[in-house]
Amino acid sequence: MYVYDWVNAQPSLSLLHGRLEPFKDEPSRVVHLTRRHYLHRVTVPDHRLALTRLLCGSFRLRGVHRPDSDIPLHDRLCRKCGQDVETPEHVLMLCRDTETCEARQELLDRLRVDFHYDLELPRSHAEAHLTLQGLIFHWHHVIPIARFVHKVSKCWRWFGHVLPTELMEDEPPFEGEDLDDSAVEVPVSGYNSPLVGEFGFGVPARNSLYNIT
C-alpha cells in the first residue's frame, strides 16, 4: 500500500515504522486502514493531540532529519542536556533534564500502580525506540504514555512549532500554548504541504494520516 510504504520511509515518522495495531481481545497485527486505537482509547483531547503530534513528527525536534542532511552535529544535539541527538527516543526516554525525569518517574509510578506493569527504562536509543513503540501501540498503556507525552511537550514549550490546522484534530490549541520567537506558521496546500519538523516531505490528507498511520 502506497501510504504505508511512504510512512515507513520517512525519518520523522520513525515511531510508526512497522507498527502493529493493538486490539483489546485479539493479537496485534498490521492494519492498513482503520480508526487508530489511540483516537478513541485516549479520551483527554490534549493528551490525544500531543500523542498524534509525536507520531506525525510535528514537534520539530532538532535531531530528526533526512539521512543525507548536512546539518552539523552541534545543531542537532538535545537543547536541554546537550548529551545526544534530540530525537523522540532521547527526549522521552533518555534525556536527564529535571522536569523530564520527574514526568518519566510519574509515568513509571502510574504504570506500576494502575496497570501493574514495571517498566525497565532503556539505556540506548534502539531500546528507547522499542520501549516507546511498545507503550504507544498497547491497548492499555497508550493512555498513560499519552499523558506523559503531553506533560513533557508542555515543559519543553511544545518544541516550538504548531502542527498546521489541516493536520490537527478539530480541537482547540493546548491551554496556554504559544509560539516562541523561532516558531514558524507553515501554510498548508494539500498533499504537498511540508510536515512540520521535516521540511520537504509531503503529507497525505488529514484523514489519511490518522487512519492509515
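Residues numbered from 1 in each chain as written. Predicted model: local features only at pLDDT ≥ 70, side-chain atom pairs only at ≥ 80, totals over all residues. Heavy atoms only, no water.

*Asks:* Before we go on, may I ask you to explain the overall build of the protein in this structure?
*Replies:* Check the secondary structure of the protein and you find 8 helices and 2 strands. Ordered by position from N to C terminus, the α and β elements of the protein give α-α-α-α-α-α-α-β-β-α. Burial analysis of the protein (213 residues in total) assigns 49% to the buried set. Considering only contacts within the protein whose residues lie at least 6 apart along the sequence, 62% involve residues at least 24 apart. (Helix = DSSP H or I, 4+ residues; strand = E, 2+ residues; numbered from the N terminus. Buried < 20%, exposed > 50% of the residue type's maximum accessible area, 1.4 Å probe, protein only. Contact = heavy atoms within 4.5 Å.)

*Asks:* Got a minute to help me understand unusual backbone geometry in this structure?
*Replies:* Most peptide bonds take the trans configuration, and most residues that are not glycine carry a negative phi. A positive phi angle, near 50 degrees, is found at Arg60, a position not held by glycine. Unusually for a residue other than glycine, His116 sits at a positive phi of about 55 degrees. Relative to the assigned elements, His116 resides in the loop between helix H5 (98–115) and helix H6 (125–136).

*Asks:* Would you explain H6 in this entry?
*Replies:* For the α-helix, the turn length of 3.6 residues means that residues three or four positions removed from each other point alike. With 12 residues, H6 should cover 16 Å at 1.5 Å per step; its first-to-last C-alpha distance of 16 Å lies within 8% of that length. Restricting attention to buried positions, one finds in H6 the residues Ala128, His129, Thr131, Leu132, Gln133, Leu135 and Ile136. Looking at the buried positions of H6, the neighbouring elements they touch are helix H3 (45–55), helix H4 (88–94), H5 and helix H7 (142–155). (Expected span 1.5 Å × (residues − 1).)

*Asks:* Explain the confidence of the model for the protein to me, please; I cannot follow it from the model alone.
*Replies:* Note: predicted coordinates in regions of low pLDDT should not be interpreted at a detailed level. Across the protein, pLDDT averages 79, with 74% of residues at or above 70. Long-range and interchain partners of residues 161–210, a stretch whose pLDDT sits below 50, account for 116 contacts in this model, where long-range means more than four residues apart. (pLDDT = per-residue confidence, 0-100.)

*Asks:* What am I meant to see in the packing of aromatic side chains here?
*Replies:* Here the distance between the centres and the angle between the planes together describe a pair of aromatic rings. Throughout the structure, instances matching the rule amount to 0 aromatic pairs. When the ring centre of Trp156 is taken as origin, the NZ or CZ atom of Lys80, which lies over that ring, is 5.4 Å away. (Phe/Tyr/Trp six-rings, centres within 6.5 Å; stacked < 30°, edge-to-face > 60°. Lys NZ or Arg CZ within 6 Å of the ring centre and 35° of its normal.)

*Asks:* Just to check I follow, could you spell out the pattern of salt bridges for this structure?
*Replies:* Should their charged atoms come close, side chains of opposite charge can pair. Scanning the entire structure with this criterion turns up 8 salt bridges. The residue Arg79 makes a salt bridge to Glu86 at a minimum N-O spacing of 2.6 Å. With a relative accessible area of 0%, Glu86 lands in the buried category. When the shortest N-O distance is used, the salt bridge between Asp114 and Arg110 registers 3.6 Å. One end of the pair is Asp114 and the other is Arg110, both in helix H5 and 4 residues apart, which spans about a single turn. Given a relative accessible area of 44%, Asp114 falls into the partly exposed group. Relative accessible area serves as the criterion here: at 30%, Arg110 is assigned to the partly exposed category. Beyond isolated ion pairs, a larger network of salt bridges with shared partners links Arg19, Glu21 and Arg36. (Salt bridge = Lys/Arg side-chain N within 4 Å of Asp/Glu carboxyl O.)

*Asks:* Sorry if this is basic, but what is going on with H7 here?
*Replies:* Taking 1.5 Å of rise per residue, 14 residues should cover 20 Å, and H7 covers 20 Å from first to last C-alpha, within 8% of that figure. With respect to burial, H7 is a largely interior element, 10 of its 14 residues being buried. Along H7, the residues classified as buried are Val142, Pro144, Ile145, Ala146, Phe148, Val149, His150, Val152, Ser153 and Cys155. The secondary structure elements touched by the buried residues of H7 are helix H2 (38–41), H3, H4, H5 and H6. Taken from the residues just after H7, Arg157 is the one with a positive phi, measuring 55 degrees.

*Asks:* Hey, could you run me through the environment of Arg104 in this one?
*Replies:* Here Arg104 shows up in helix H5. What makes Arg104 buried here is its relative accessible area of 2%. In this structure the C-alpha to C-alpha distance between Arg104 and Phe148, which are 44 residues apart in sequence, comes to 7.2 Å. Here Arg104 is in contact with His90, Val91, Leu92, Met93, Leu94, Cys95, Arg96, Leu121 and Phe148, once residues within four sequence places are set aside.

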